[in-house]
Amino acid sequence: MFSLLCLACLVGITVGDKAPNVVFIIADDLGWNDVSYHGSDLKSPVLDKLASEGLRLERHYTQPECSTTRASLLTSRYIVRTGLQADVILNGGGMALPLNETLMSDYLKQLGYSNYLIGKWHQGGNSWKETPLFRGFDYFYGYLGGQIHYFGHYHTKFGGHDFRRNYRDENGDFKEEILKKESGQYLTKLLTDEAIRVVEEHDQSKPMFLYFSVPNIHTPNLSPNGYVEKYLDGVDISDFHRKQLAGNLGGLEESIQNLTDALKKSAMWENTMVVFISDNGGCPEGLMSYGGHSNYPLRSGKTTLFEGALRTPAFVYGPLVDHLKGQESDGTFHVSDWFPTLRS
């Protein structure tokens, strides 16, 4: 078995004179069979290339839903230990990641990291103390809830505008900007452009932790005009939802391509590791709101305890794992393992 300890050793994550930069990308509802390197009818050349040039984790497991996976990732604990096993965290529902938990971001901040969260939080927002800047992050640009309209930037289930920027001013005082003038613009591009700005302007005297939590490919399957046709690229798919998903996946591909290009242009690239995972499997037909996803040949999908929900595409990429280029691991790895792996 390719163990947690073995991964930590091979990647070479240490906290020494030059701590590594970590870019953690988490896609939303990307199914096992939604990437072409698993045989999908959809095309994902960017993810295919990065996975082939890194270490593929072929038995990477998560929790069955969005907020539960993120809670396990940030705390390194199973959700029954944090009391979040009953349901996802709902806007205004009173649930949140417990405040007595030490998060990955808290720990990295103690080590001198600058921590940035771009995208989806989904760990609570009933009070300020549950939000990213009070949970170890230095900067937040994104949305607090679990799902968002790609162009209107409102919560697609409960309503309410949910696109914001949180930061601290020169006096250390907390500030929030509600980003309304951006309404109508493609959210994934806005988030990607902001992540690129963070990379370009980061103070390189400090190590960087960039937690890039993109909305794609969560429903609704919306993308800019022309994306569906561009990313279908002649593939004949009859299912309407699956066709729309091609555009949604194309937005994810474009985002990751642009971000990795920016990283490679930066002076910190040689000391950077990129981790890519999905928060859970997709929503195939017959489950919840069908989004055109496919987890084939795995059983079922999101919200269940079958492999279609829990086993996700994942890989590690970058100069720090060049010696593992093209390799695959079939050792069991759970999302709660990332925190102790990165701090080892």
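All of the points below concern the structure found in this document. Owing to the predicted nature of the structure, the values given are computational and were not obtained by experimental measurement. (Residues numbered from 1 in each chain as written. Predicted model: local features only at pLDDT ≥ 70, side-chain atom pairs only at ≥ 80, totals over all residues. Heavy atoms only, no water.)

### Observations regarding the overall build of the protein chain
Thought 1: Looking only at helices and strands, the protein chain features nine helices and 13 strands.
Thought 2: In summary, the protein chain has a C-alpha radius of gyration of 19 Å against a globular reference of 20 Å for 344 residues, a match within 12%.
Thought 3: Considered along the principal axes of its C-alpha atoms, the protein chain spans approximately 55 × 45 × 40 Å.
Thought 4: Counting the 344 residues in the protein chain, one finds 60% classified as buried.
Thought 5: In the protein chain, once contacts between residues fewer than 6 apart in sequence are set aside, the share between residues at least 24 apart is 72%.
Thought 6: When the accessible surface of the protein chain is summed, it comes to about 13600 Å², and 49% of that surface belongs to carbon and sulfur atoms.
Thought 7: Computed over 32 positive and 41 negative side-chain charges, the inter-centroid distance for the protein chain is 3 Å. (Helix = DSSP H or I, 4+ residues; strand = E, 2+ residues; numbered from the N terminus. Rg over C-alpha atoms; globule rule 2.2 N^0.38 Å. Buried < 20%, exposed > 50% of the residue type's maximum accessible area, 1.4 Å probe, protein only. Contact = heavy atoms within 4.5 Å. Areas by Shrake-Rupley, 256 points an atom, 1.4 Å probe, with all protein chains shown as cover. Lys, Arg positive; Asp, Glu negative; His and termini not counted. Charge placed at Lys NZ, Arg CZ, Asp CG, Glu CD.)

### Notes on the packing of aromatic side chains
Each aromatic ring pair is characterised by the separation of its centres together with the angle its planes make.
Thought 1: Scanning the entire structure with this criterion turns up 16 aromatic pairs.
Thought 2: Taken together, the aromatic side chains of Y150, F151, Y186, Y227 and Y231 make up a single cluster linked through ring pairs.
Thought 3: Sitting over the face of the ring of F134, R168 holds its NZ or CZ atom 5.0 Å from the ring centroid. (Phe/Tyr/Trp six-rings, centres within 6.5 Å; stacked < 30°, edge-to-face > 60°. Lys NZ or Arg CZ within 6 Å of the ring centre and 35° of its normal.)

### With respect to the sheet that holds strand β5 (residues 139-143)
Thought 1: Strands sit in the order β7-β6-β5-β4-β8-β1-β9-β11-β2-β12 across an open sheet of 10 strands; the sheet is mixed. In this open sheet, the two edge strands, each paired with only one partner strand, are β7 (174-178) and β12 (327-329). In this sheet, neighbouring strand axes are inclined to one another by 15 degrees on average, regardless of whether the strands run parallel or antiparallel.
Thought 2: Bridge analysis of strand β4 (residues 114-120) against strand β8 (residues 208-213) gives six bridges, and the strand direction is parallel. By the bridge assignment, G119 is partnered in β8 with S213.
Thought 3: The strands that helix α2 (residues 45-52) touches are β2 (55-57), β9 (272-278) and β11 (314-317); relative to β11, the one it contacts most, it runs at about 60 degrees.
Thought 4: Contacts between helix α5 (residues 187-201) and the sheet are confined to β4, β5, β6 (164-168) and β8, with β5 contributing the most and set at about 170 degrees to the helix. (Pairing = 2+ DSSP bridges. Axes fitted to C-alpha atoms, helices over the stretch in contact; angles between N-to-C directions.)

### Some points on the environment of R77
Thought 1: Locating R77 in the fold gives a position in the loop between α3 (66-75) and α4 (104-110).
Thought 2: On the basis of relative accessible area, R77 is assigned to the partly exposed category, the value being 32%.
Thought 3: Each C-alpha atom of the pair R77 and N171 lies 35 Å from the other, and the pair is 94 residues apart in sequence.
Thought 4: Those residues in contact with R77, other than ones at most four positions away along the chain, are S72, T82, E101 and S336.
Thought 5: A distance of 2.5 Å separates a polar atom in the side chain of R77 from a polar atom in the side chain of E101. (Polar contact = N/O pair within 3.5 Å; in protein donor to acceptor, adjacent residues only side chain to side chain.)

### Comments concerning the environment of L50
Thought 1: The residue L50 is located in helix α2 in this model.
Thought 2: Accessibility expressed as a relative area gives 5% for L50, which makes it buried.
Thought 3: As a C-alpha pair, L50 and H122 span 72 residues in sequence and 27 Å in three-dimensional space.
Thought 4: Not counting chain neighbours up to four residues away, the residues in contact with L50 comprise I256, T260, F315 and Y317.

### Brief notes about the nonpolar core
Thought 1: L30, I118, M208, L210 and L259 are the most contacted members of the largest nonpolar core, which has 48 residues in total.
Thought 2: In terms of residue count, the dominant contributor to this core is helix α7 (residues 240-265) (eight residues).
Thought 3: If we ignore the near neighbours within four places in the chain, the residues touching M208 are P20, N21, V22, V23, Y113, S114, Y116, V198, V199, H202, L263 and M268.
Thought 4: Counting residues in hydrophobic clusters, the runner-up holds 37 residues, among them L74, L97, L117 and L342. (Core = buried A, V, L, I, M, F, W, Y, C linked by side-chain atoms within 4.5 Å.)

### With respect to the environment of E65
Thought 1: With respect to the helices and strands, E65 occurs in the loop between β3 (60-61) and α3.
Thought 2: Take E65: its relative accessible area is 16%, and that puts it in the buried class.
Thought 3: Linking E65 and D28, residues 37 residues apart in sequence, is a C-alpha distance of 9.5 Å.
Thought 4: The residues contacting E65, other than those within four sequence positions of it, are V88, D279, N280 and T303.

### Overview of the sheet that holds β3
The strands that make up a sheet pair up through hydrogen bonds in the backbone, lying either parallel or antiparallel.
Thought 1: The sheet built from three strands is open, its strands ordered β10-β3-β13 with mixed pairing. At either end of the open sheet lies a strand with only one pairing partner, and these are β10 (311-312) and β13 (333-334).
Thought 2: Looking at chain direction, β3 and β10 are connected through two bridges and run antiparallel. By the bridge assignment for β10, H60 is matched with T312.

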